[in-house]
Amino acid sequence: MSINGKELVITEDGFNNIKKELEYLKTVKRHEVADRIKTAREFGDLSENAEYDEAKNEQGFVEGRISELEHKLKIAVVIDDKDIHTEDVGVGSIVKIKNPVLDFVA
């Protein structure tokens, strides 16, 4: 993310991964949690219903994650993999560090 927090520099793969997770949360997970809440309500007294509390907490997490991912997609700036230079470390770089101390064999 940029210093001012207004953009998220991301590869196309990263962008697509966010879209996939968002789609899963909206179409599958949201419905699963709603079903759990419905089932937990059928157990009766909600004040002492741990299943209901757990399902409501999960619903809050899912909705928060959906909001976070939607925000990321709004501020995303997709970069082309071809624009990532292998000579320099930057966004999208995978860095392997060699430790000569660990490579020492006596």
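Residues numbered from 1 in each chain as written. Predicted model: local features only at pLDDT ≥ 70, side-chain atom pairs only at ≥ 80, totals over all residues. Heavy atoms only, no water.

(A) Spotlight on the overall build of the protein chain. Check the secondary structure of the protein chain and you find three helices and two strands. If you list the helices and strands of the protein chain from N to C, you get β-α-α-β-α. Looking at the protein chain as a whole, 18% of its 106 residues qualify as buried. Total accessible area computed for the protein chain in this model is approximately 8,400 Å², and 54% of it derives from carbon and sulfur atoms. (Helix = DSSP H or I, 4+ residues; strand = E, 2+ residues; numbered from the N terminus. Buried < 20%, exposed > 50% of the residue type's maximum accessible area, 1.4 Å probe, protein only. Areas by Shrake-Rupley, 256 points an atom, 1.4 Å probe, with all protein chains shown as cover.)

(B) Region of interest: the pattern of salt bridges. Counted under the stated rule, the structure contains nine salt bridges. Arginine 65 is paired through a salt bridge with glutamate 21; the nearest N and O atoms lie 2.8 Å apart. Remark: glutamate 21 occurs in helix α1 (residues 12-41) and arginine 65 occurs in helix α2 (residues 50-75); sequence separation between them is 44 residues. Taking relative accessible area as the criterion, glutamate 21 reaches 28% and is therefore assigned partly exposed. A single network of salt bridges, built from pairs that share partners, joins Lys29, Glu32, Arg36, Glu54 and Glu58. (Salt bridge = Lys/Arg side-chain N within 4 Å of Asp/Glu carboxyl O.)

(C) Highlighting the side chain of threonine 11. Of note, threonine 11 is situated in strand β1 (residues 8-11). Judged by its relative accessible area of 18%, threonine 11 falls in the buried class.

(D) Summary view of the packing of α1 against α2. One way to put it is that α1 packs onto α2 with a least axis distance of 9 Å and a crossing angle of 160°. Accordingly, the angle class assigned to the pair α1 and α2 is roughly antiparallel. At the point where α1 passes α2, the crossing takes the left-handed sense. (Axes fitted to C-alpha atoms, helices over the stretch in contact; angles between N-to-C directions. Parallel < 35°, antiparallel > 145°, perpendicular 65-115°, else oblique. Left-handed = near helix turned anticlockwise from the far one by under 90°.)

(E) Representation of the environment of tyrosine 24. Relative to the helices and strands, tyrosine 24 resides in helix α1. In sequence terms tyrosine 24 and isoleucine 66 are 42 residues apart; their C-alpha atoms lie 9.8 Å from each other. Discounting chain neighbours no more than four positions away, the residues touching tyrosine 24 are Lys29 and Glu32. (Contact = heavy atoms within 4.5 Å.)

(F) α2, seen in detail. Here α2 contains 26 residues, and its C-alpha end-to-end distance of 38 Å stays within 8% of the 38 Å for a straight helix at 1.5 Å per residue. Those residues of α2 not exposed but buried are Tyr52, Ala55, Glu58, Val62, Ile66, Leu69 and Ile75. Residues of α2 that are buried make contact with β1, α1 and β2 (76-79). (Expected span 1.5 Å × (residues − 1).)

(G) Structural context of α1. Over its 30 residues, α1 extends 42 Å from the first C-alpha to the last, a length consistent with the 44 Å expected when each residue adds 1.5 Å. The largest bend along α1 reaches roughly 40° and is located at leucine 25. All of the buried residues in α1 are Gly14, Phe15, Ile18, Leu22, Leu25, Val33, Ile37 and Ala40. On its buried face, α1 is in contact with β1, α2 and β2. (Bend = angle between axes of the 7 residues up to and from the residue.)

Spatial relationships are all this shows, so hold off on functional conclusions.
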